[in-house]
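# Descriptive structure summary
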There are 2 protein chains.
Amino acid sequence: MNGAESLVHTLLGSGVEVCFTNPGTSEMHFVAALDRIPGMRCILGLQENIVTGAADGYWRMAEKPACTLLHCGPGLANGLANLHNARRARSGIVNITGDQAVYHRPFDAPLTADTEGWARGVSAFVRTSTRAEDVGVDAAVAVQAARTSPGQIATLILPSDSSWNEGGVVGQALPVPAVPQADPHAVRQAARVLREKRNVLILLGGLGLREGAQREAHRIAAATGAKLMCEGSNARIQRGRGRLPLERVPYVVDQATEVLKSVEHLILVNAKAPVGFFGYPGKPSQLYPPAAEVHVLTRYEQDAEQALAALAEELGAPKAAIPDPGPRPEAARGALSPEGLAQTVAALMPEGAVVVDETVTYGRGFFPYTHAAPPHDWLQNCGGAIGYGPSAATGAAVAIGPARRVIGLQADGSAMYTVQALWTQAREKLPVTTVLLSNRKYQILIGEYRNVGANPGRTAMDMLDLGNPDIGWVQLANSMGVEAARAETLERCADLMAQSFARPGPFLIELMI
Amino acid sequence: MNGAESLVHTLLGSGVEVCFTNPGTSEMHFVAALDRIPGMRCILGLQENIVTGAADGYWRMAEKPACTLLHCGPGLANGLANLHNARRARSGIVNITGDQAVYHRPFDAPLTADTEGWARGVSAFVRTSTRAEDVGVDAAVAVQAARTSPGQIATLILPSDSSWNEGGVVGQALPVPAVPQADPHAVRQAARVLREKRNVLILLGGLGLREGAQREAHRIAAATGAKLMCEGSNARIQRGRGRLPLERVPYVVDQATEVLKSVEHLILVNAKAPVGFFGYPGKPSQLYPPAAEVHVLTRYEQDAEQALAALAEELGAPKAAIPDPGPRPEAARGALSPEGLAQTVAALMPEGAVVVDETVTYGRGFFPYTHAAPPHDWLQNCGGAIGYGPSAATGAAVAIGPARRVIGLQADGSAMYTVQALWTQAREKLPVTTVLLSNRKYQILIGEYRNVGANPGRTAMDMLDLGNPDIGWVQLANSMGVEAARAETLERCADLMAQSFARPGPFLIELMI
């Protein structure tokens, strides 16, 4: 058995079933091993930021890691931005990065690069397997690292001779470490705050946004009057009927500080105390009042549901049903608006839909209009590197299978970063409806530019405007095998959405906002 | 004057006239300064690997650096693969990478990343300007570093408060260090080898491939019988009538060792002793005979033309005209073939054309058929990270202006990596004709797979094949504002090529190979 074969057997034995990939010469023995040994679903992306972003989306819905197969340092580099987003979302991913043969590396051939150096900025685990004998056990450790709560990025670098040499040994699957429980002292401290203090905000993040944790959080809020919110960007919120109508901390600093101005105590549940996405002259970095006290109930890796249940017990909080959100909205009619689009999505989405949200500016207010939708998952960009949406939608669709639907709410400027994902959606016939919000500009930056104190002139608009030429999204999607149509009204958008939900495979709606 | 304004003034004063960019929030004060201060041509790319690859192509033809404007660590990461290629091509680039305000960085906001760490793998110079007062002088040093022979990548990281704070000071343009001359001892040693030894190969690279250096190299070869070749991948070769009919070291290891098998002495002129792109089981890393002696006439940064002239004088070599290459080829007819395409390009290219070659497998034999073309420049991918072509073609076209033409000979798999470059070509109305070689597969990898010893099965082909769905290149180009047409014969390809050369703006020919 060569090293590559030991790697495939180890990955399969450790529960890794999907490989998102763009291989190169140095990975050919691994490709050959995948060909010989059945069991791994191999999905090609036409650029590595598709590959890594798909692995991120896959983890969020599958709750287990996919592996990626990347070609040398530059192949990894192409996928770093979505690995950055995945790290911020606390997704588990096993990167297999091929590289020069150990003996060939000193010759500094053209593709030689500092693969380990580039991997470190996104990875909790980086290891180079320099011998075929080590590949299996190194891979088992990498999978274990990826599956360690809350999810981590593990990068295994595989020189080509470690892959082709004989002597491979299958690594035994290692146990997934238990999710750590909250410190009982932290539970008692939170209970004390909730009993004795006013203006308490419980901020939910990460594993605190799953249905079970939400139920316990609601019990606590109902008993104590504490407020519940979620972070500004969230890897996965279970939303809709039967889940909490949580609001996000606003992106805009002035709005966030206004919403949070009366908070005196902040209890963090797998969340981070809110800070601005950027610093701005004369504005604070922290979005909550400087005098507020911050209490950590659970860290990112800890069991939020258990901690919230313990806290509810400590408070003697009675069971409390999450209130009915009222009737499901009807599809909106007439001129396009963010509210109308959100209502339409809420009206039409199939139960169990996965919304992949990279709306940037247009979707900031979508949440209030979608609380009364059927149960669904909502995924956001946690790292701020644009181009997460098309890739994550691709991976999420692989994870959920053809019986459910992904709805990509997608800004145009961001979509252009990873537009190649459409091809993978077509090839794999994935159930993805992309609502492409075509405003032909980087709207967020035009807003930010005005904050600088001026209207953009010709040179600035050359950097902020996506028109001249306008991108033809229907043609672009068609060129990669994805059916598409344009909508200029909410009625037309609703029609296209409903049609796309009724059939298999991807569809793109170019919505002229 | 704020830091951003001092930066713009310093760049302009140091001779930087073009900014390839995809800005973000943390760069808005720099964008505003570019808007207020005239003189910089700002060119938007829709993903950062377009931006950095364009800066590479620009340097190769303009022989001076452009700057890039990138958004935080992830924006830099998106451009790393083409910076890797640029580093291998020894191109000079000044990266301006915006980042979190210094005081905001400790809050670890979503886009915070190890920007310096990612920059180091490609940069000869990395500096973070932490005060507005330092930005100007830091930028002047960065430009000097970029312009230091043979060309280097300089990355200046600009926290947003260094940009918006007052106190900026314009940095005085620093002198470009002189190109170092060869060691006279190295010249005498090379002369001794050429006088006394047989089977001498002079390998030309980098600055040794400019017209003046070629003339001196020819004089030496004519006088001594030494053979001349160029490296396998070259940043820029001046080719065609009046230049040397140089052949490249072949990519395929067996072919290269065959071509080089009789070499006993290797004289390097701004070149590296040939090594394989990758290691392969049972094949050598070095492509020249183990017993061959290697002599360095000039290092990458040294003046090749001066060294070769000194060597010719030392040898008493008489002036020698480069021989006429024979008649210009005529456009080929009939079925498509690499040779036919090469002949057609040679027959039709306008004088002074710039060929940006990312043909991967299809173009390996193009050189012999294009020696008798009019004088032109030929640019290749020196780093092996695919996706160099569309970006470099964009930047080269900016450098040469509308009176000359870029011809992109472009493999389809590689083109998909940076397909967004077509939009920039349309927006800037750049004189680029892309001949898109559509074979709907990663042909190089199918060959490499067979070297592993098997024909690819279904799973392997899922990773090597670009069909299912076929990419519609005419639609794809049109969707981004680039006119395009399909050709299935050499005649049709020639017609389209000739038409495109006669008009301004970009054009894409989808050639069904």
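See the structure shown above.
Heads up: these notes are all about the structure in this document. (Residues numbered from 1 in each chain as written. Chains lettered and ligands numbered in written order. Predicted model: local features only at pLDDT ≥ 70, side-chain atom pairs only at ≥ 80, totals over all residues. Heavy atoms only, no water.)

## Some remarks on the sheet that holds strand β9 (residues 237-239) of chain B
Residues and elements named next belong to chain B. Ordered in space as β9-β13-β12-β14-β15-β17-β16, the 7 strands form an open sheet in which the pairing is mixed. Here the strands that pair on one side only, and so sit at the sheet edges, are β9 and β16 (483-487). For this sheet, the mean inter-axis angle between neighbouring strands, taken without regard to orientation, is 20 degrees. Relative to strand β13 (residues 376-380), β9 runs antiparallel, the two sharing 3 bridges. Bridge pairing in β13 places Arg-239 opposite His-376. Seen against the sheet, helix α14 (residues 388-400) touches β12 (354-358), β13, β14 (406-411) and β15 (432-438) and runs at an angle of roughly 170 degrees to β12. (Pairing = 2+ DSSP bridges. Helix = DSSP H or I, 4+ residues; strand = E, 2+ residues; numbered from the N terminus. Axes fitted to C-alpha atoms, helices over the stretch in contact; angles between N-to-C directions. Contact = heavy atoms within 4.5 Å.)

## Comments concerning the environment of Ala32(B)
Relative to the helices and strands, Ala32(B) resides in helix α2 (residues 28-36). Taking C-alpha positions, Ala32(B) is 48 Å from His371(B), a pair spaced 339 residues apart along the chain. Excluding its chain neighbours within four sequence positions, the residues that come into contact with Ala32(B) are Tyr449(A) and Val452(A).

## As for the interface of chain B and chain A
Taken together, the contact between chain B and chain A spans 96 residues of the former and 96 residues of the latter. Surface buried jointly by chain B and chain A totals about 8,100 Å² across both partners, of which 61% is contributed by carbon and sulfur atoms. In this assembly, chain B and chain A are joined by 4 salt bridges. With its nearest N and O atoms 2.8 Å apart, the salt bridge here joins Asp108(A) to Arg88(B). Between the two partners, chain B and chain A, sit 52 residue pairs in polar contact (both at pLDDT 80 or more). Considering only residue class, the side of chain B that touches chain A consists of 48 nonpolar, 34 polar and 14 charged. (Buried area = accessible area lost by both parts, 1.4 Å probe. Salt bridge = Lys/Arg side-chain N within 4 Å of Asp/Glu carboxyl O. Polar contact = N/O pair within 3.5 Å; in protein donor to acceptor, adjacent residues only side chain to side chain. Nonpolar A, V, L, I, M, F, W, Y, C, P; charged D, E, K, R; others polar.)

## Here we look at the pattern of salt bridges
With the rule as written, the count across this model stands at 53 salt bridges over all chains. Ionic pairing is found between Arg427(B) and Asp465(A), a salt bridge with its closest N-O pair at 3.6 Å. On the criterion of chain membership, the pair formed by Arg427(B) in helix α16 (residues 421-427) and Asp465(A) in the loop between α18 (458-464) and α19 (473-479) is interchain, its members lying in two chains. With relative accessibility at 8%, the residue Arg427(B) sits in the buried group. For Glu510(A), the salt bridge goes to Arg486(A), with nearest N and O atoms at 3.1 Å. Taken as a pair, Glu510(A) in strand β17 (residues 507-512) and Arg486(A) in strand β16 (residues 483-487) lie far apart in primary sequence, 24 residues in all. In this structure Glu510(A) comes out as buried when scored by relative accessible area, which is 1%. (Buried < 20%, exposed > 50% of the residue type's maximum accessible area, 1.4 Å probe, protein only.)

## Observations concerning the pairing of strand β6 (residues 153-159) of chain A
Residues and elements named next belong to chain A. Of all 7 residues in β6, 7 are buried, a share of seventy percent or more. Side chains of β6 alternate between two faces, with Ile-153, Thr-155, Ile-157 and Pro-159 and Ala-154, Leu-156 and Leu-158 buried alike. Relative to β6, strand β4 (residues 93-99) runs parallel, the two sharing 7 bridges. Looking at β6, one finds that Gly-98 is bridged to Leu-158. Bridge analysis of strand β5 (residues 125-128) against β6 gives 4 bridges, and the strand direction is parallel. Each bridged residue has a counterpart across the sheet, and for Arg-127 the counterpart in β6 is Leu-156. Regarding the hand of the β-α-β motif, the stretch spanning β5, helix α7 (residues 132-147) and β6 is right-handed. (Right-handed = clockwise from strand over helix to strand, strands pointing away.)

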